[in-house]
Amino acid sequence: MTEDEKKYRDHLNEMVEKRTAELKEEIAERKNAEGALRNSEEKYRILTETVPDIIFTLDRKGRFAYINPAGENIVGYSSQEFLGHDFIEVIAPEYVDITTDRFKRGLSGEKISLYEVEIMHKNGQKVPVELNMTSLFDEDGNIIGRLGVARDVTEPKRVEKMLRESEDRYRTIFENTGTAMAIIEEDKTISLVNREAEKLFGYSRKEIEGKKKWTEFIVAEDLEKMKGYHEQRRVDPTSAPMEYEFRIIDKKGSIRDILMSIDVIPGTKISVASVIDITERKQAEEQIKASLKEKEVMLREIHHRVKNNMQIVISLLRLQSAKVEDKKTQEILRGCQNRIHTMSIIHEKLYQSKDLAKIDFAQYIDGLAVHVFQSYGVDSNLVAVKTDLEEVLLDLNRAIPCGLIINELLSNSVKHAFPEGKKGEICINLHSDKKGMITLVVSDNGISLPDDIDFRKAQSLGLQMVNDLTRQIGGTIKLDRKGGTAFKVKFPVNK
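The rules behind each value
Note that residues are indexed from 1 along each chain, following the sequence as it is written. Totals for whole chains, interfaces and linings use all residues, but because this is a predicted model, local features are given only for residues with pLDDT of at least 70 and pairs of side-chain atoms are given and counted only at 80 or more. Side-chain numbers here rest on the full set of heavy atoms in the structure, without hydrogens or water. Working definition: helices are DSSP H or I runs of at least four residues, strands are E runs of at least two. Numbering for both runs from the N terminus. N or O atoms within 3.5 Å of each other form a polar contact, as long as, within protein, one can give a hydrogen and the other can take it, and as long as residues adjacent in sequence are counted only when both atoms are side-chain atoms. Only buried residues count toward a nonpolar core. Its members are Ala, Val, Leu, Ile, Met, Phe, Trp, Tyr and Cys residues joined through side-chain atoms within 4.5 Å. The buried label applies to any residue whose accessible area, calculated with a 1.4 Å probe on protein chains only, is under 20% of its type's maximum; exposed applies above 50%, and partly exposed to all values in between. By this definition, two strands are paired if DSSP reports at least two bridges between them. We call two residues contacting when some pair of their heavy atoms lies within 4.5 Å. To get an axis, a line is fitted to the C-alpha atoms, and for a helix only the part in contact is used. The angle between two axes follows their N-to-C directions and goes from 0 to 180 degrees. Any angle between 65 and 115 degrees counts as roughly perpendicular, while under 35 counts as roughly parallel, over 145 as roughly antiparallel, and the rest as oblique. By the definition used in this description, the sense in which the near helix is turned from the far one sets the handedness, with an anticlockwise turn below a right angle giving left-handed and a clockwise turn giving right-handed. Throughout, the ten residues Ala, Val, Leu, Ile, Met, Phe, Trp, Tyr, Cys and Pro are labelled nonpolar, Asp, Glu, Lys and Arg are labelled charged, and all others, Gly among them, are labelled polar.

Caption draft 1: Structural detail: the environment of arginine 233. Within the element layout of this structure, arginine 233 appears in helix 8 (residues 220–235). At a separation of 3.4 Å, a polar atom in the side chain of arginine 233 contacts the main-chain carbonyl oxygen of proline 241.

The following block contains the structure:
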């Protein structure tokens, strides 16, 4: 073999080895590419088969070439039922024209934005979806079909509808509540008002909402208090009152008295306020107060005049008694004086009292006992009065009968229980219980009422009055003769 032949052979071997190595490298690269392609295809398959959205492809004639399992679940048809069928077959009739138009425009290269349509489920129900379409291209860049992604928006639509209905209900209530209402932001800006608020403030919504702070309507004297409540409410909603009165100035400059109920919307710093104009009510209250004050003055004057007239009658009886020599007649006249005086003291107490409807009966009893002792000239060194009196308030219809009962029982004790020179004591107790019952006890430790006398059938005017008056106030009376005489009267505080 010549030298040239040898060189040619070696060169040929090198070229074969090099080409073999290149082929091996190309085969390896092709295998890697095929593996990557398979991996990519597998990832795409997994993605398309697991996403909840419908993923599908259409050829240029609008026929299904592929649809993922989500499409089967949402529309109810199997993949085999889809393939080869026109996509128009699953579009709700009212959306066919617009969807067909957009499909053709997409094939021509126009970019179509996301839009909503309704597709037909196999059971005949409509399913709302958000549809996004893009074009598919071949190697030369020609459009060969369309790729679509459809998202089922049934649940979002349902929630949106519920929210819309809830908002409509809220707005209806807000507008038709019958009171002025406003939404107040954290910075005190009024963000929303209803028709009644427009009437109250005298401004239109456009003049108020987002432009005015509620502090602009409040009179200067009430402003600091209201600002304090506003700040407290945002730190702790329970730290500020939820209802209170204040005054505002409307567009005409008129001052209005307002009652506001306000609270913070949970989870926000925003307040919702309900406002009632109470100007007329406040004016009526002031008129009523003035009228009541006037009537109170008149009523006090009436009690004063009744007391004075009774004093005149007492004086006349006293003058008449002085001209009568018969002891029994004098005793009768003195009893009449004491009874009239008993009623007179009550009118005097009402005249002096802050409450014209009721008197403190305990204080009245003390004064009555002093008068009875003075009337009969009782020596306080021989006969003492002890009282155990609870504060009990009685109206005129209760106080006068009770006063007359005490007057008669005290008079009986003074006249009959202690003969001349005999010492002893008279006790008066007055108490009330939780059931609204009042117990009055007038007792003495002197000579008791004889056993043969039935106080309920007594002939004396005093005991007859005691029985009648007890029935008048709806009470009961009992007698205890042990250790003297004790009358116990029990009656309700309200008849």
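Caption draft 2: Region of interest: the nonpolar core. One finds Phe361 and Leu394 to be the most contacted residues of the largest nonpolar core, which totals 41 residues. Secondary structure elements with two or more residues in this core: helix 11 (361–375), helix 12 (396–417), strand 14 (424–432), strand 15 (437–444), helix 13 (461–472) and strand 17 (485–492). When residues of this core are assigned to their parent elements, the largest contribution, ten residues, is made by helix 12. With 25 residues, the next largest nonpolar core counts Ile184, Tyr229, Ala240 and Ala273 among its residues.

Caption draft 3: Spatial organisation of the pairing of strand 10 (residues 271–277). Sheet analysis places strand 6 (residues 180–184) next to strand 10, joined by five bridges and oriented antiparallel. Bridge pairing in strand 10 places isoleucine 183 opposite valine 272. Pairing of strand 9 (residues 255–264) with strand 10, which is carried by seven bridges, proceeds in the antiparallel orientation. When the bridges of strand 10 are listed, isoleucine 262 appears paired with alanine 273. Between the end of strand 9 and the start of strand 10, which pair antiparallel, lie six residues, with glycine 267 showing a positive phi angle near 80°.

Caption draft 4: Highlighting the environment of alanine 182. Position of alanine 182 among the secondary structure elements: in strand 6. Residue alanine 182 is classed as buried on the basis of its relative accessible area of 8%. A C-alpha to C-alpha distance of 5.9 Å links alanine 182 and valine 272, two positions 90 residues apart in sequence. Filtering out sequence-adjacent residues up to four positions away, alanine 182 remains in contact with Phe174, Ile190, Leu192, Val193, Ser271, Val272 and Ala273.

Caption draft 5: Looking closely at the packing of helix 12 against helix 13. Orientation of helix 12 relative to helix 13, taken along the N-to-C sense of each, is 150°, at an axis distance of 9 Å. In terms of axis orientation, helix 12 runs roughly antiparallel to helix 13. For helix 12 against helix 13, the interelement crossing comes out left-handed. Across from Pro401, Leu404, Ile405, Glu408, Leu409 and Asn412 in helix 12, the residues of helix 13 making contact are Gly462, Leu463, Met465, Val466, Leu469, Thr470 and Gln472. Of the residues assigned to the contact of helix 12 with helix 13, the class counts are eight nonpolar, four polar and one charged.

Function cannot be inferred from these measures alone, as they are strictly geometric.
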